[in-house]
Amino acid sequence: LGDVYKRQLLTHHTSKAGRGEDDHQAARGGSALAGAARWVLRLRQSGLGADMLCAGAPKNSYGPAVPEIALERCDTGALRELTRETVGKKKELLVDDLVRFVAAHPDMELNPNAIQRNNSPGAQALCAALDAKPGALHEAAQSALRQGRLTTEERRRKSSNRRYTVLVPSEE
């Protein structure tokens with residue numbers, strides 16, 4: 001059979017700077033590995049929880065682009081594919097959890113942008129309490145705002161009189 005049927009599988013990890021990137025150049029170090037590869041699989045956390053992952057092929061030299069698939073890590077460590085419906089339900093549950101959290105913690109003054117950047121004590125507490133990534137929580141907040149389940153309120157800082165926006169439950 002010769003060398004024609006030999007395959008190699010190399011594993012690598014992304015650089016800190018490349019964590020948010022979706023292309024095949026996100027790997028740590030130079031671009032030689034990804035450049036020489038004919039196919040690159042990227043496995044990353046989805047943001048919906050520690051056990052939720054996404055797999056995609058940002059580089060596929062021998063065919064069309066492969067859409068990303070959602071995976072869930074089972075208790076045994078095995079990965080199983082999730083349907084779009086299941087992912088949608090998990091996103092809806094995250095919106096529900098976020099709305100409940102905002103209602104239960106009005107003193108936290110959660111700002112949507114601070115949630116996305118995870119740069120306030122309230123945003124960090126939210127991420128920890130709901131076991132979700134800032135991006136997924138920001139998306140959930142935007143969804144809750146569109147659905148009318150949350151609204152924003154403008155407030156003024158006592159020390160500087162500057163305005164800021166916080167999430168509050170809707171008055172329904």
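Structure first, text after, so check above.
Just so you know, these numbers come straight off a predicted model, no measurement behind them. Counting starts from 1 at the beginning of each chain's written sequence and moves along it residue by residue. Per-residue local features of the predicted model are confined to residues with pLDDT of at least 70, and side-chain atom pairs are confined, for both listing and counting, to 80 or more; whole-chain, interface and lining totals are unaffected and use all residues. Neither water nor hydrogens contribute to the side-chain values; these are computed over all heavy atoms in the structure.

> What is the right way to read the overall build of the protein chain from this model?
Numbering of helices and strands runs from the N terminus, with a helix taken as a DSSP run of H or I at least four residues long and a strand as a DSSP run of E at least two residues long. Counting its secondary structure elements, the protein chain contains five helices and six strands. Of the regular secondary structure in the protein chain, the N- to C-terminal order runs α-β-β-β-β-α-α-α-α-β-β. Between buried and exposed lies partly exposed: a residue is buried under 20% and exposed over 50% of the maximum accessible area for its type, with that area taken using a 1.4 Å probe on protein chains only. Going through the 172 residues of the protein chain one by one, you find that 30% of them count as buried. When contacts within the protein chain are restricted to residue pairs at least 6 apart in sequence, long-range pairs at least 24 apart make up 33% of them. Of the roughly 11,900 Å² of accessible surface on the protein chain, a fraction of 49% belongs to carbon and sulfur atoms. Whether two residues touch is decided by their heavy atoms; if any such pair falls within 4.5 Å, the residues are in contact. For the accessible areas, the method is Shrake-Rupley and the probe is 1.4 Å, while residue cover comes only from the protein chains on display.

> It is not clear to me how the layout of surface pockets should be interpreted in this structure. Could you clarify?
The rolling of a water-molecule-sized probe over the atoms marks out the regions of remaining empty space. Note on definitions: the grid is 1 Å and covers protein atoms alone; a cavity is a set of points where a 1.4 Å probe fits but cannot get out; a pocket is an open set with protein on both sides within 12 Å along at least five of seven lines; lining residues have an atom within 4 Å of a point. Grid points are joined across faces, edges and corners, and a volume is the space filled by probe spheres set on the points. Size it by volume and the second largest pocket reaches roughly 210 Å³. Looking at the second largest pocket, the residues that line it are L48, G49, A50, D51, M52, E72, K90, L93, L94, D97, L130 and D131. Broken down by element, the lining of the second largest pocket gets its largest block of residues, four residues, from helix α2 (residues 84–104). Split by residue class, the lining of the second largest pocket holds six nonpolar, one polar and five charged. Residue type decides the class: Asp, Glu, Lys and Arg count as charged, Ala, Val, Leu, Ile, Met, Phe, Trp, Tyr, Cys and Pro as nonpolar, and the leftover types, Gly among them, as polar.

> When you look at the sheet that holds strand β1 (residues 39–45) in this model, what are you seeing that I'm missing?
DSSP calls a pair of strands paired once it identifies at least 2 bridges connecting them. Strand order in this open sheet of four strands is β1-β2-β3-β4, and the pairing throughout is antiparallel. Unpaired on one side and paired on the other, β1 and β4 (79–82) mark the two borders of the sheet. Neighbour-to-neighbour, the strand axes of the sheet open up by a mean angle of 35°, direction not taken into account. Of the pairings in the sheet, the one linking strand β3 (residues 66–73) to β4 comprises four bridges and is antiparallel in character. Within β4, the position partnered with E72 by the bridge is R80. Orientation is described by lines fitted to C-alpha atoms, with helices fitted over the stretch in contact, and by angles between N-to-C directions that extend from 0 to 180 degrees. α2 contacts β2 (52–60), β3 and β4 of the sheet and is inclined by roughly 90° relative to β4.

> Looking at this model, I keep getting lost on the environment of D131. Mind explaining?
On the secondary structure map, D131 appears in the loop between α4 (121–130) and α5 (134–147). On the basis of relative accessibility, which here comes to 46%, the residue D131 falls in the partly exposed class.

> Just to check I follow, could you spell out the nonpolar core for this structure?
The nonpolar core is taken to be a set of buried Ala, Val, Leu, Ile, Met, Phe, Trp, Tyr and Cys residues, with the residues joined through side-chain atoms within 4.5 Å. Membership of the largest hydrophobic core comes to 25 residues, with the highest contact counts inside it found for L94, L98, I115, L126, L137 and L150. Those elements giving two or more residues to this core turn out to be α2, α4 and α5. The greatest single-element share of this core, amounting to seven residues, is contributed by α2. Discounting chain neighbours no more than four positions away, the residues touching L98 are L126, L130, L137, A140, A141 and L150.

> Help me out: how do you make sense of the packing of aromatic side chains in this one?
Each aromatic ring pair is characterised by the separation of its centres together with the angle its planes make. Pairing of aromatic rings covers Phe, Tyr and the six-membered ring of Trp, with a centre-to-centre limit of 6.5 Å; geometry is then stacked below 30 degrees between planes, edge-to-face above 60, and tilted otherwise. A complete count under the given rule lists zero aromatic pairs for this structure. Over a ring means this: the NZ of a Lys or the CZ of an Arg is within 6 Å of the ring centre and within 35 degrees of the ring normal. Looking at R157, its charged tip hangs above the ring of Y164, at a distance of 4.3 Å from the centre.

> Please explain the pairing of strand β6 (residues 163–169) as it appears in this structure.
It is a general feature of regular strands that their side chains alternate between the two faces of the sheet. Here strand β5 (residues 150–156) runs beside β6; their pairing, made up of seven bridges, is antiparallel. Opposite T152, over in β6, you have L167 as the bridge partner. Count of turn residues in the β5/β6 antiparallel hairpin: six residues, of which N161 carries a positive phi of about 65°.

> Hey, could you run me through the pattern of salt bridges in this one?
For side chains bearing opposite charge, pairing can occur when the charged atoms are close. Whenever a carboxyl oxygen of Asp or Glu lies within 4 Å of a side-chain nitrogen of Lys or Arg, that contact is scored as a salt bridge. This structure, assessed with the given rule, holds ten salt bridges. A salt bridge links R149 to D96, with the nearest nitrogen and oxygen atoms 2.7 Å apart. On the criterion of sequence distance, the pair formed by R149 in the loop between α5 and β5 and D96 in helix α2 is long-range, its members being 53 residues apart. Judged by relative accessible area, which is 29%, R149 ranks as partly exposed. E109 is the partner of R155 in a salt bridge, and the nearest nitrogen-oxygen pair spans 2.8 Å. Remark: E109 occurs in the loop between α2 and α3 (112–117) and R155 occurs in strand β5; sequence separation between them is 46 residues. Taken together, the shared-partner salt bridges in this structure form one network comprising E72, R80 and K90.

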